[in-house]
Amino acid sequence: MSGKKRASPGTDTEKNPLEGVELSDEDAQKLQQVQKQIERTELLLERRGHQALLPAYEKRRSIAKTIPKFWPVALMNHPLISFQAQHSIDRVALSYLEDLWIARDAKEPRCFTLEFYFKSNPYFTDSVLKKEYKYVPSSAAAEEEPDEDGLTPTMLDFSWARDVNPSATKINWKDPNNALTKLHPRNPTCPAEAGSFFNFFEIASDPFDIGTTIANEVFVEATDYFLGNIPSDELDSDDEESDDDDDDADEIDLEKPRSKKQKKE
């Protein structure tokens, strides 16, 4: 008895039913209108959310100030920030951080100023280091009238790459010859070599999205990052850190407390 030979995989000539789907101009227009409504609603919720959360953030701020190294630990428990502060001397300097705040732009809350508050330390004289992500609207925005919710067409067409201008802040180093950004400069030809974390302040560009990561992830979930209540795969990135032989400063433990996952022996 002979049977029909089974075709090899990939030889099926049946037409894919998901190919060639056509969309009429009318339906495309309807979808675009609905999408604009969705984006408008999302923007309103985001703006109102920032305002509604402000009292809670202020309350957390007062509590965090009483907890030693709250913000340094929270920052170092984020894999991107930990990677950008690889040098032990950076972590020692960050251990003097006692407060961190996000001041959002009143007209465009998606833009903000990061404020790092430091106690007296052996590295720089500044008590506050700031980095602003300034909203720079187009010239047409000046002629727009906001609607009943305070939104304008320019706000709905917001583009981070186009409408935001990051700033640079000069750090007043106590010993300019041993400035951390001088000891570990950013390599402009190799973006992966960010050098010292403090280049983030002294160089306007933010190619690693450190600012938005801190503002939209670490600041929002600061308590969870401090306690280590984040997915274990994120914490694993800290388990295989290399030692910095070039740094003479003593290592400061910025990876405790951890409530769910302990660092491997």
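Below is a summary of the structure that appears in this document. Computed from a prediction, not measured in an experiment: that's the story for all the values here. (Residues numbered from 1 in each chain as written. Predicted model: local features only at pLDDT ≥ 70, side-chain atom pairs only at ≥ 80, totals over all residues. Heavy atoms only, no water.)

So, on to the overall build of the protein chain. Regarding its fold elements, the protein chain presents eleven helices and four strands. Element-wise, carbon and sulfur atoms account for 50% of the exposed surface of the protein chain, whose accessible area totals about 16,500 Å². (Helix = DSSP H or I, 4+ residues; strand = E, 2+ residues; numbered from the N terminus. Areas by Shrake-Rupley, 256 points an atom, 1.4 Å probe, with all protein chains shown as cover.)

All right, on to the pattern of salt bridges then. All told, the structure shown has nine salt bridges when counted by the stated rule. Asp147 is the salt-bridge partner of Arg40, the closest N and O atoms lying 2.6 Å from each other. A residue pair is termed long-range when its members are at least 10 positions apart, and Arg40 in helix α1 (residues 25-64) and Asp147 in the loop between β3 (128-135) and α5 (153-156) qualify at 107 residues. Across the pair Asp149 and Arg48 runs a salt bridge whose closest N-O atoms are separated by 3.5 Å. One end of the pair, Asp149, is in the loop between β3 and α5; the other, Arg48, is in helix α1, and 101 residues separate them in sequence. On the accessibility criterion, Asp149 (28% relative accessible area) is partly exposed. By sharing partners, the salt bridges in this structure join Arg40, Arg48, Asp147 and Asp149 into a single network. (Salt bridge = Lys/Arg side-chain N within 4 Å of Asp/Glu carboxyl O. Buried < 20%, exposed > 50% of the residue type's maximum accessible area, 1.4 Å probe, protein only.)

This part covers the sheet that holds β3. Strand order in the open sheet formed by four strands is β1-β2-β3-β4, and the pairing between neighbours is antiparallel. Looking at strand neighbours, the two that pair on one side only are β1 (97-104) and β4 (164-166), the edges of this open sheet. Along the sheet, successive strands turn relative to each other by an average axial angle of 15°, direction set aside. Relative to β3, strand β2 (residues 112-118) runs antiparallel, the two being bridged by six bridges. Looking across to β3, one finds that Phe112 is bridged to Tyr133. Strand contacts of α1: β1 and β2, with the helix running at about 165° to β1, the strand carrying the most contacts. Along the sheet, helix α9 (residues 210-218) makes contact with β1, β2 and β3, crossing β2 at roughly 85°. (Pairing = 2+ DSSP bridges. Axes fitted to C-alpha atoms, helices over the stretch in contact; angles between N-to-C directions. Contact = heavy atoms within 4.5 Å.)

Turning our eyes to something else, we now look at the packing of aromatic side chains. Scanning all chains against the criterion turns up 23 aromatic pairs. By the ring-pair criterion, three or more aromatic residues cluster together here, those being Phe116, Phe118, Phe124, Trp173, Phe197, Phe198, Phe200 and Phe201. A cation sits over an aromatic face here: Arg60 above Phe219, 4.7 Å from the ring centre. Lying across the ring of Phe200, Lys131 places its NZ or CZ 5.1 Å from the centre. (Phe/Tyr/Trp six-rings, centres within 6.5 Å; stacked < 30°, edge-to-face > 60°. Lys NZ or Arg CZ within 6 Å of the ring centre and 35° of its normal.)

Okay, the nonpolar core next. Judged by nonpolar contacts, the single largest core of 49 residues is most densely connected at Trp71, Leu75, Leu100, Leu114, Phe116, Phe197 and Phe198. It is helix α2 (residues 70-76) that contributes the most residues to this core, six residues altogether. Look past the residues within four positions of Leu100 in its chain and what remains in contact with it is Trp71, Leu75, Leu114, Glu115, Phe116, Ile214 and Phe219. (Core = buried A, V, L, I, M, F, W, Y, C linked by side-chain atoms within 4.5 Å.)

Let us now look at the layout of surface pockets. Space inside the second largest pocket adds up to approximately 330 Å³. Considering the residues around the second largest pocket, the lining is formed by 17 residues, among which His50, Gln51, Leu54, Ile102 and Arg104 are closest to the centre. Secondary structure elements with two or more residues in the lining of the second largest pocket: α1, β1 and α9. At six residues, the largest contribution of residues to the lining of the second largest pocket is made by α1. Residue composition of the lining of the second largest pocket, grouped by class: eleven nonpolar, three polar and three charged. (1 Å grid on protein atoms, 1.4 Å probe; cavity = no way out; pocket = protein on both sides within 12 Å on 5 of 7 lines; lining within 4 Å. Points joined across faces, edges and corners; volume = space filled by probe spheres on them. Nonpolar A, V, L, I, M, F, W, Y, C, P; charged D, E, K, R; others polar.)

This next bit is on α1. The end-to-end C-alpha separation of α1 is 55 Å, in line with the 58 Å expected for 40 residues at 1.5 Å each. Bending of α1 peaks at approximately 40° at the position of Leu54, with proline Pro55 no more than four residues after it. Considered for burial, the residues of α1 that qualify are Leu43, Leu44, Arg47, Tyr57, Arg60 and Ala64. Turning to α1, the residues buried within the fold contact α2, β1, α5 and α10 (222-227). (Expected span 1.5 Å × (residues − 1). Bend = angle between axes of the 7 residues up to and from the residue.)

With that out of the way, let us pick up the environment of Ala179. For Ala179, the location among the structural elements is in the loop between β4 and α7 (180-183). Sequence separation between Ala179 and Tyr123 is 56 residues, and the spatial gap between their C-alpha atoms is 7.4 Å.

Here we take up unusual backbone geometry. We note that Lys69 has phi near 55°; this positive angle belongs to a residue other than glycine. Note that Lys69 resides in the loop between α1 and α2. A residue is classified by how much of its surface remains accessible, and Lys69, at 33% relative accessible area, is partly exposed. One non-glycine residue, Asp209, lies in positive phi territory at about 55°.

Distances and angles like these do not, on their own, reveal function.
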